[in-house]
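# Observations on the model geometry
One letter stands for each residue in the lines below.
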Amino acid sequence: MDDLEKAILAYEPGAADPTFRAQAMAFCDRAKADLSALLRLCLDRLHRSSLVPVHFWCLQALHDAVRLRYSSIPPADLPILRSALLSLASDRPLPAASPPFLRNKLAQTLAALIRLEYPSLWPDPFLRILPCLPSADPSSIDMFARLLVALDDDLLSLDYPRSSAEAADATRVKDAMRQQCIPQIARHWFDVVSLYHSLDTFLAAAALDTMRRYVTWIDIALVANDAFVPLLFELILAPDSIEQLRAAAVGCVLAILQKRMVPRQKVALLRSLPVSRVFADPNLVKSSIFGYWFNAGGTSQEALPSVFYVMQESEEVELGNVVEFLSDYVITMRTPLQKQAVYLGHILEFIRVQICYDPAHRNNLDILDRIGREEEDQMGERRKDLLVLFCSICRLAPDVTQLFIQNLLIRALSSSEASVEEVEATFTLFYRLGETVNEEAMRTGSGLLRELVQMLLSSQFPCLSHRMVALIYLETVMRFMKFVQDNPQYIPYVLAAFLDQRGIHHPNLNVSRRAGYLFMRAVKLMKSKFVPYLDMILRGLQDTITQFTTSDWCSKNLECSVSEDGSQIFEAIGLLIGMEDVSPEKQSDYVAAFLRPLCQKLNEVLLDSKAQGLEESSAKVLTLQQIIMALNALSKGFNARLATSICPAIGIMFKQALSEVLEILIAFPNIKILRNKITSFIHRMVDILGGSIFPCLPVVLKQLLMESEPKDMVDFLVLVNQLISKFSTSVEGILEEIFPAIATRLIVILSKDAFPSGPGCNTEEVRELQELQRILYTFLHLMANHNLSSVFLAPNCRGYLDALMQLLLLAACSHKDVLLRKLCVQIFMKLIKDWCTNCNVDDKVPGFRSFIIEKFATDCCLYSVLDKSFEFHDANTKLCWPKRLCTKLGSDFIIHFVSKGLQAARCPHELTEQYYQKLQQANDIKALKSFYQLLVENLRQQQNGSLESFVDVHYHRDVSKIVKI
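Model, not experiment: these values are computed from the prediction. (Residues numbered from 1 in each chain as written. Predicted model: local features only at pLDDT ≥ 70, side-chain atom pairs only at ≥ 80, totals over all residues. Heavy atoms only, no water.)

On to the overall build of the protein. What the protein contains, in helices and strands, is 48 helices and zero strands. Looking at the protein alone, contacts between residues at least 24 apart form 72% of all its contacts between residues at least 6 apart. A total accessible area of about 43,200 Å² is found for the protein, and carbon and sulfur atoms account for 52% of it. (Helix = DSSP H or I, 4+ residues; strand = E, 2+ residues; numbered from the N terminus. Contact = heavy atoms within 4.5 Å. Areas by Shrake-Rupley, 256 points an atom, 1.4 Å probe, with all protein chains shown as cover.)

Below, the structure is given as C-alpha cells:
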C-alpha cells in the first residue's frame, strides 16, 4: 500500500484521528495540483488498486478535472483519458463486484467528457463501445446503460431546468447521436431485452429504462415497430413476468404513447397497440397504462367496456387510475351520443357504488364516535375526485344525470330494503347536482329538476332517522332553496322538512342543531315569503323553545360547532317577527311570548347561583350562556326604528331583558365566558335601544372596567368605540367619567417594553397587546373625530394628556404598521385643529403648540422620514403634513422646521431655501410633496453614515425618552 492509498484511507471520515486525517487531506490535495500527473496517477490506480475507496477517489478526481478544469488539461493527455475511460466502460470494465456508486461515477465522468467533446473533438465514443456489446459480458452492458442514464440526467433530459449553454450542448449531442448511432443503440436495447428478460431481469429492465428516457427525442419508428411493440406487450402480459420488468415495459409503452407526432400517425399507432388485452387483466389495470393511453390521444370508446368489466369484477383495481381514465373520457366528450349516454350511466352507477359507506360502520356513523369520525374523514378523501367526476358529467349531460338521480329517488322510495348507505349516497349526488345547476335552470326547474325537487320535499324517504342521511337531506333541501324562492307553492313543504322530525325535531341533537342553522339561512333568504306562515312556524317551534328554557345544559349539549349552538332558531324567529309586514301588536305579543320564558329561566338560574355559588365550568354557567345567546340572536331581527318608534313596547322588553342580564355581570363579573356573551348582547342593545340605553351604561361600563387584562380591555374599548360612533358628543359626560380609568390602565400596560422583537416573540400575549394598542389608537381617533377632544381637557382627565401624547408621538413616528402610524398623525392633526388657533395667546392647551412644533413636526415629519427603517411607499401623505402644519401654525412652525430641523439634519443651504419658499406657496401641494421627497432622498444619499448617527442622536434617543415617560 503506497502513500496515496494510505492517505485516501485516512481521508475517509472516522478512519483516523483528526490530525492525521488533516494531513491525509492535504496530501490528496497536493496530488491534484499537477493535472497531467493526476490523470496518470488516477488511471494507474484504477487498474492496479483493489481498494474501493481508492477507485472512488480517482474517479471523483477525474470527474472534477473534466467538469471544472477541462481547459487546463494538457492536449496530449486527452487521448489517453478518452481511451482509458472507454476501456473501463467496455472491454476492460470495472470488476463485476464493484459497487453501483463506482459504476455511476465512471458513467458521470465519461458523460461529462462526451458533453464537452462530442462530436467535434471526439467523434466516435459510441461507435467504439457499441461493436463490443453483442459479445460483451453483463457488466459491460450494465455500464453502457449507466452511461446513457448519466447522459440523460446530466445533459439530455428536459425534466430538469437547463441553462442556455446546457441546452445548446444537449442539442448538439442529440443531433450527432441521431445521425450516427441511435439506430445501433435501439438495436442494442432490443437485443438486450430479448436475451436477458429471462436470464437477468435487472439488466433487461435497465435497458428498458434507458429506452424510455430516449424515446422523447429519437425516431419513433426505431421503437414503435413490429419487433419492439410485441416484445414489450409480451413482457407486460406474460403471467410470470416480474413486476420490475413489467413496470419498465409499461414505462416504455407510455413514453411511446406520449411522444409527439403527426395526428394520423399517432392514431394509427394507438390502434395498432393491443391495449385492450391489458384491460382484461385486473392486475395490469393497476399499472395505470390505460389512463395514459387515453391521455395520449386514443379513442377510449373501445376500452370502456373492458374498463367497466374490470371495475365490476376486480376488487384490486386502483381507484385513482380508474377515476383518472373516466375523467379524461368525460372531459374530451362534447355532445354525448346515445351510446355515450349509456356509458355515462355506467359511470354514474360506478360513482354511486364507490361513495357508499361500509354498512359495518353504520352505528358508528350515527352516534359519531371515534371510529365514525375516522370513517367520515376517509370517505371524504375517497369522494373528492369521484364527486368532481360526477359534477363534470352533470355539466356535460344534465338530462342523463337528472334521470339517474330520479331513478335513485324512486328506488329509495319504492324499496323496503333501501339501506342507510344507499340513501345517503343518493342525497349526496343530488346535493352535488345542485352545485352544477345555473341560476336560470334553478329558478325555472328546467329538465327534471322540478320533479326532483318536488320528490325531495314532499316524500317521506326511508332512513332519515340516521344522522348521516338526515344531515345530507337537509343540506340538499337548502341547496335548492332558490328554486323554492321562485316557486312559493313549495314553501309549506320546505317548512315541514325543517320543522318536523326530519329537521329541528329530529331526535339526534347534531341534526336538530344543524336544521336550526339551515332554517335560519332559509329565513334570511325568504323571510318576506315566510311571513304568511309565521303563526304556523311559531307553533311548530313552541315546544323547541320550551325545551330550550327548561333544559339543564351540560357540555355534551354543546358539542356542535359554534355556528350551530341552538340560538339560530331564535335568530330566525326574530328575523320573521321583525318584518314590517307583521303588525306592531303581533310583534309585541310574539316578542313577549319568547322573551318571557327566557328571562324567567335566567332569573331562576341566577337566584339559585347567588344562593349556592357559581363555578365557571358548571352546568348553570352553560345554561346562562345559552339563554344570553338566545336573547342576542332574537334581537337580530329588530332595529332601533322598530324598537323605539314603531313598536316601543319591544324596546321596553329588551331593555328589561338587558337589566336582568346585567345582574349576572354584577353578581359574577369574573366568569369570562359569561362576560363575553353579555358584552356581545350589549352591543346588540346599543344598536336597537338607541339613546334609551343610556341609564344602563354607567353600570355596564363600571362592571366591564373591573377587569384590566389586555383582552378584556380590547372588548371594553370596542364597546366604547361603538358608543362614540353611534352617539357622538352625547357620550361626552360618560367618557369624562371613565377616561381616567381607561388611561391609567392603558398607560401602565402599553408604556412598558411590551413588544419584544426577534425569534419567539410572536406569542399570544404579545399579539393581545398589539391588538390592544391598535384599539386604543382607534378609540383616540374616534374621540378626536367625533368632537370629543374636550374630554382630554376635563379636570379629571387632563393629568393623562402628556403620557398619551407621548404614546401617540411614538406610534406616529415609528410604529411598524403604516396605517396605524397614519391614524396617529390624523389624531394630532385633528387636535391641532381643535386646540390651536391662529393666535398663540388663545390656544386651549398651553404648551401644545410648542410640543407640535418642536417635537411632532420634526420627529414625525422629518426624523422618522430620514430614518433608514422608513420606506417611501408610505411617505405620500407624510410629505404633505408640513404644509398643513404651516397653514395652521404659521411662521413659528416654518422658522423652527427650517432653521432647527433641516439645519440639524445638515441639509444644504440651497435646498433649505427652496423648501422654505415652497412651504410658503399657497396651493401647489403636489410640487411640495415631490420636492420634499427629493430633499429627503438627497439627504439620505449625501450624508449616509453621518445621517445615521444624526438620526440615532436626535430621533432614537428621543424615542427612548418617550418610553421612559
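There's more to say after this.
For the structure shown, the criterion picks out 39 salt bridges. One salt bridge in this structure joins D687 and R684, with 3.7 Å as the shortest N-O distance. You can see D687 and its partner R684 sitting in helix 37 (residues 672-689), three residues apart, about one turn around the helix. You can call R684 buried: its relative accessible area is 15%. Three or more residues joined by partner-sharing salt bridges are found here, namely D152, D153, D209, R212 and R213. (Salt bridge = Lys/Arg side-chain N within 4 Å of Asp/Glu carboxyl O. Buried < 20%, exposed > 50% of the residue type's maximum accessible area, 1.4 Å probe, protein only.)

The next subject is the packing of helix 6 (residues 100-117) against helix 8 (residues 138-156). The interhelical angle for the contact between helix 6 and helix 8, taken along N-to-C directions, is 55 degrees, at an axis separation of 8 Å. The pairing of helix 6 with helix 8 is recorded here as oblique in orientation. The handedness of the crossing between helix 6 and helix 8 is right-handed. Residue-level inspection shows P100, R103, N104, L106, A107, Q108, L110, A111, I114 and R115 of helix 6 in contact with helix 8, the latter providing S139, D142, M143, R146, L147, A150, L151, D154 and L155. Among the residues making up the contact of helix 6 with helix 8, the classes are represented as 11 nonpolar, three polar and five charged. (Axes fitted to C-alpha atoms, helices over the stretch in contact; angles between N-to-C directions. Parallel < 35°, antiparallel > 145°, perpendicular 65-115°, else oblique. Left-handed = near helix turned anticlockwise from the far one by under 90°. Nonpolar A, V, L, I, M, F, W, Y, C, P; charged D, E, K, R; others polar.)

With that settled, consider the nonpolar core. One finds F519, F530 and F779 to be the most contacted residues of the largest nonpolar core, which totals 236 residues. The dominant element in this core, judged by the number of residues it contributes, is helix 44 (residues 848-866), at 12 residues. In terms of nonpolar packing, the next biggest core, distinct from the first, is built from 100 residues, I8, L39, A204 and A249 among them. (Core = buried A, V, L, I, M, F, W, Y, C linked by side-chain atoms within 4.5 Å.)

What is meant by a disulfide is a covalent connection between two cysteines, made through their sulfur atoms. For the structure shown, the criterion picks out zero disulfides. Not engaged in a disulfide, the cysteine C394 finds its nearest cysteine sulfur in C391; these two sulfurs lie 5.5 Å apart. The buried category is assigned to C394, whose relative accessible area is 4%. (Disulfide = S-S within 2.5 Å.)

A few words now on unusual backbone geometry. The peptide bond linking Y118 to P119 adopts the cis configuration, its omega dihedral lying at 0 degrees. Here P119 lies in the loop between helix 6 and helix 7 (125-129). Unusually for a residue other than glycine, L368 sits at a positive phi of about 55 degrees. Position of L368 relative to the elements: it lies in the loop between helix 21 (362-367) and helix 22 (370-396). Its relative accessible area of 18% is what places L368 among the buried residues. Phi is positive for C463, close to 70 degrees, though the residue is something other than glycine. Following the sequence through the fold, C463 ends up in the loop between helix 26 (449-458) and helix 27 (467-479).

Along the polypeptide, F931 turns up in helix 48 (residues 925-964). Note: C-alpha distance between F931 and K918 (13 residues apart in sequence) is 8.5 Å. The contact partners of F931, leaving out residues within four places of it in the chain, are L911, Q914, Y915 and K918.

Here the protein averages 86 in pLDDT, while 87% of its residues score no lower than 70. By mean pLDDT, the top-scoring element of the protein is helix 27 (98), and the lowest-scoring one is helix 17 (residues 289-295) (50). (pLDDT = per-residue confidence, 0-100.)

The subject of this paragraph is helix 8. For helix 8, spanning 19 residues, the distance from its first C-alpha to its last is 25 Å, which sits close to the expected 27 Å at 1.5 Å a residue. Burial of helix 8 is extensive: 16 of the 19 residues sit out of reach of the surface. (Expected span 1.5 Å × (residues − 1).)

Summed over all chains, the structure comprises 23 aromatic pairs. Their ring planes at 80 degrees and their centres at 5.3 Å tell us that Y118 and F126 sit as a pair that is edge-to-face. With a centroid separation of 6.2 Å and an interplanar angle of 40 degrees, the aromatic rings of F828 and F851 are classed as tilted. Residue F828 is located in helix 43 (residues 818-835), and its partner F851 is located in helix 44; the two are separated by 23 residues in the primary sequence. The same class applies to F828 as to F851, namely buried. Every member of this aromatic cluster is reached through a ring pair, and the members are F739, F779, F792, F828, W835, F848, F851 and F856. Geometry around Y431 places R479 over its ring, the cationic atom sitting 4.5 Å from the centre. (Phe/Tyr/Trp six-rings, centres within 6.5 Å; stacked < 30°, edge-to-face > 60°. Lys NZ or Arg CZ within 6 Å of the ring centre and 35° of its normal.)

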